[in-house]
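# An overview of the molecular structure
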Amino acid sequence: MELKILISRQEIAERVAALGTEITRDFAQESVVLVGVLKGAAIFLSDLARQVQVNATFDFIGVSSYGARPNPAEELQHGWDSTGEVRLTKDLDQPIADKNVILVEDILDTGLTLTYLKNNLLARKPRTLRLAALLDKPSRRKMPIRADYTGFTIPDEFVVGYGLDYAELYRNLPDICIIPRE
Ligand code: IMP
């Protein structure tokens, strides 16, 4: 399978540094809890955290969607519209009541996952809740949700690398690459 680089590691590093600067400015003199959505956001969170110059703690949340996921080849061709019914597979380790929380996600696609997670976390009464998404595919959106911190807006292509997978593969690629749909 021929992969084509869409966003290089240098471009990612520069953009992530800029997002870190924004977060540092927005939360000056405060502390934040960075909540990564497993597994795709792990690499973005680890790079972003090192660009944030305020006290920060980490937590992780895991989700899986109900409904039969198509096989990877189908998902690549047509994308996948889950029903929006999401189930937690791993909850946070710590309470977030009265904390400044930044939910860190790899990609905002239909918006169903982040809408569910946002409502789930808001019910725990954080002081503030912001969303950070490395990638945004606005053309696929089904729910009216936007990120407060967005890395890159991209076209409707299936991308892998820097945490994103195709059938669990390619998460370790340093660049963000397109898998051609042929
Ligand atoms: P949403 O609920 O449709 O916004 O789904 C977001 C999730 O779909 C992400 O966390 C990814 O796991 C997955 N996803 C969406 N687009 C892509 C892609 O281009 N490559 C890899 N995973 C993707």
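Our subject in this report is the structure included herewith.

Each value, and the rule that gives it
- Residues numbered from 1 in each chain as written.
- Predicted model: local features only at pLDDT ≥ 70, side-chain atom pairs only at ≥ 80, totals over all residues.
- Heavy atoms only, no water.
- Near = heavy atom within 4 Å.
- Polar contact = N/O pair within 3.5 Å; in protein donor to acceptor, adjacent residues only side chain to side chain.
- Areas by Shrake-Rupley, 256 points an atom, 1.4 Å probe, with all protein chains shown as cover.
- Helix = DSSP H or I, 4+ residues; strand = E, 2+ residues; numbered from the N terminus.
- Nonpolar A, V, L, I, M, F, W, Y, C, P; charged D, E, K, R; others polar.
- Buried < 20%, exposed > 50% of the residue type's maximum accessible area, 1.4 Å probe, protein only.
- Pairing = 2+ DSSP bridges.
- Right-handed = clockwise from strand over helix to strand, strands pointing away.
- Axes fitted to C-alpha atoms, helices over the stretch in contact; angles between N-to-C directions.
- Parallel < 35°, antiparallel > 145°, perpendicular 65-115°, else oblique.
- Left-handed = near helix turned anticlockwise from the far one by under 90°.
- Contact = heavy atoms within 4.5 Å.
- 1 Å grid on protein atoms, 1.4 Å probe; cavity = no way out; pocket = protein on both sides within 12 Å on 5 of 7 lines; lining within 4 Å.
- Points joined across faces, edges and corners; volume = space filled by probe spheres on them.

### Here's the deal with the site of the ligand
Among the 14 residues in the neighbourhood of the ligand, the closest are listed as Thr110, Gly111, Thr113, Lys137 and Val159. A distance of 3.1 Å separates an oxygen atom of the ligand from a polar side-chain atom of Glu105. At a separation of 2.9 Å, an oxygen atom of the ligand approaches a polar side-chain atom of Asp106. Here the ligand loses 86% of its free accessible area of 500 Å² to cover by the protein chains. At the level of elements, β5 (100-108) and α4 (112-122) are the ones that each hand at least two residues to the shell around the ligand. A per-element tally of the shell around the ligand places β5 first, with 3 residues. For the shell around the ligand, the residue count by class is 5 nonpolar, 3 polar and 6 charged.

### Here's the deal with the pairing of β5
Of all 9 residues that make up β5, 9 are buried, and the element is covered over most of its length. Where strand β2 (residues 31-38) lies against β5, 5 bridges are found, and the strand directions are parallel. When the bridges of β5 are listed, Gly36 appears paired with Val104. Across 8 bridges, the pairing between β5 and strand β6 (residues 128-136) is parallel. Bridge pairing in β6 links Ile107 to Leu135. A crossover links β5 with its parallel partner β6, the connecting element being α4, and its sense is right-handed.

### Overview of the packing of helix α1 (residues 9-26) against helix α2 (residues 42-49)
Where α1 contacts α2, the axes come no closer than 9 Å and their chain directions differ by 60 degrees. With respect to α2, the axis of α1 lies oblique. For the pair α1 and α2, the crossing hand works out as right-handed. Residue-level contacts link Val16, Leu19, Gly20 and Ile23 of α1 to Phe44, Asp47 and Leu48 of α2. Residues of the contact of α1 with α2, tallied by class, amount to 5 nonpolar, 1 polar and 1 charged.

### Details of the layout of surface pockets
The probe, sized like a water molecule, is rolled over the atoms to show the empty space still left. One number sums up the size of the second largest pocket: a volume of about 230 Å³. In terms of lining, the second largest pocket is formed by 16 residues, of which the most central are Ser31, Val32, Val33, Thr57 and Lys99. At the level of secondary structure, the elements contributing two or more residues to the lining of the second largest pocket comprise β2 and β3 (55-65). Here the residues of the lining of the second largest pocket sort into 6 nonpolar, 5 polar and 5 charged.

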